[in-house]
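# Examination of the molecular architecture
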Amino acid sequence: DSGVTQTPKHLITATGQRVTLRCSPRSGDLSVYWYQQSLDQGLQFLIHYYNGEERAKGNILERFSAQQFPDLHSELNLSSLELGDSALYFCASSPRVGREKLFFGSGTQLSVL
Amino acid sequence: SQQGEEDPQALSIQEGENATMNCSYKTSINNLQWYRQNSGRGLVHLILIRSNEREKHSGRLRVTLDTSKKSSSLLITASRAADTASYFCATDGLDNDMRFGAGTRLTVKP
């Protein structure tokens, strides 16, 4: 158990809908990273938050947004969903910014039908 | 976009053999890390090598880093069936991102 909690584990929705994925980092970790993994693909970096502030942005679509709250949990909001958004979404946490390993959650499997 | 690219994409070996995976990246880094992913699960950190290090060992794992060639290799010695998984390199860049490659899918046959 990495100590990183992601909910829900599975999500099935329809095209055009909006969903929110939640991540609780390990106790004391200030950094949260979000990744998207499509079937048999590598991980696409979406966004990195540190202590409530955005630190780096990757290939995150304009339809997607994220935030980190004062209690350090993070949410990834996906709107106007398309079939191609179906993927595993992972969050990972670390104590600080960079230079250290990430602890991954078990992911949210999103299926857009 | 991906930062690292692993090579080969897939590798199949017999138990007891060594497995070597390579990773190339494009920009300057603070460190390079290797992770393992069992099918559909979260990634697990294996080893981290800093940009000023050339080689690092951890149990049956050996990692090398050549910053002049922007490449790294992961060697798993005396492989076991339980090593079957996907292996990813990740680069900790200078702009606070952590980017992963597409991974090498390793199959170790008993």
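Use the structure listed above.
Below, the structure is looked at part by part. Each chain carries its own residue numbering, running from 1 in the written order of its sequence. Chains and ligands are labelled sequentially in the order written, the chains with letters from A and the ligands with numbers from 1. Where local features are concerned, this predicted model is filtered to residues with pLDDT of at least 70; where side-chain atom pairs are given and counted, the filter is 80 or more; whole-chain, interface and lining totals use all residues. As a convention, hydrogens and water are excluded, and side-chain values are obtained from all of the structure's heavy atoms.

## Re the sheet that holds strand 1 (residues 5-7) of chain A
All names here are of chain A. Put simply, the test is: By this definition, two strands are paired if DSSP reports at least two bridges between them. A run of H or I in DSSP becomes a helix once it reaches four residues, and a run of E becomes a strand once it reaches two; helices and strands are each numbered from the N terminus. The angle between two axes is taken between their N-to-C directions and runs from 0 to 180 degrees, where each axis is a line fitted to C-alpha atoms and a helix contributes only its stretch in contact.
The strand order across the open sheet built from four strands is 1-3-8-7, with neighbouring strands paired in antiparallel fashion. This sheet does not close on itself; its edge strands, each paired only once, are strand 1 and strand 7 (64-68). Pairs of neighbouring strands in the sheet enclose a mean axial angle of 15°, with direction left out of account. Two elements, strand 1 and strand 3 (residues 19-24), share three bridges in a ladder whose sense is antiparallel. When the sheet's bridge partners are listed, T5 is paired in strand 3 with S24.

## Some remarks on the pattern of salt bridges
Proximity of charged atoms lets side chains of opposite charge pair with each other. Residues and elements named next belong to chain A. Applied cut-off: The salt bridge definition used is simple: a Lys or Arg side-chain nitrogen within 4 Å of an Asp or Glu carboxyl oxygen. Burial status follows relative accessibility: with a 1.4 Å probe on protein chains alone, a residue under 20% of its type maximum counts as buried, one over 50% as exposed, and anything between as partly exposed.
All told, the structure shown has six salt bridges over all chains when counted by the stated rule. Close ionic contact of R26 with D29 constitutes a salt bridge, the shortest N to O distance being 2.8 Å. Owing to a relative accessible area of 22%, R26 belongs among the partly exposed residues under this scheme. A residue is classified by how much of its surface remains accessible, and D29, at 2% relative accessible area, is buried. Between E82 and R63 there is a salt bridge whose closest N-O contact spans 3.7 Å. Of this pair, E82 sits in the loop between strand 8 (74-78) and strand 9 (87-94) while R63 sits in the loop between strand 6 (53-57) and strand 7, placing them 19 residues apart in sequence. The class of E82 is partly exposed, set by a relative accessible area of 42%. What emerges from the salt-bridge pattern is a single network uniting R63, E82 and D85.

## What about the packing of aromatic side chains?
Residues and elements named next belong to chain A. Note the following rule: Two aromatic rings, drawn from Phe, Tyr or Trp (for Trp, its six-membered ring), form a pair once their centres lie within 6.5 Å of each other, and the interplanar angle then sorts them: stacked below 30 degrees, edge-to-face above 60, tilted otherwise.
If you walk through the whole model with that rule in mind, you get nine aromatic pairs over all chains. Considering the side-chain rings of Y35 and F104, the 5.8 Å spacing of their centres and the 35° angle between planes classify their relative orientation as tilted. You can see Y35 sitting in strand 4 (residues 31-37) and its partner F104 sitting in strand 10 (residues 103-104), a full 69 residues away along the chain. With a relative accessible area of 0%, Y35 lands in the buried category. For the pair F90 and F104, a centre-to-centre distance of 6.1 Å together with 80° between the ring planes defines the contact as edge-to-face. Linking F90 in strand 9 with F104 in strand 10, this pair joins segments that are 14 residues apart in sequence. Owing to a relative accessible area of 4%, F104 belongs among the buried residues under this scheme.

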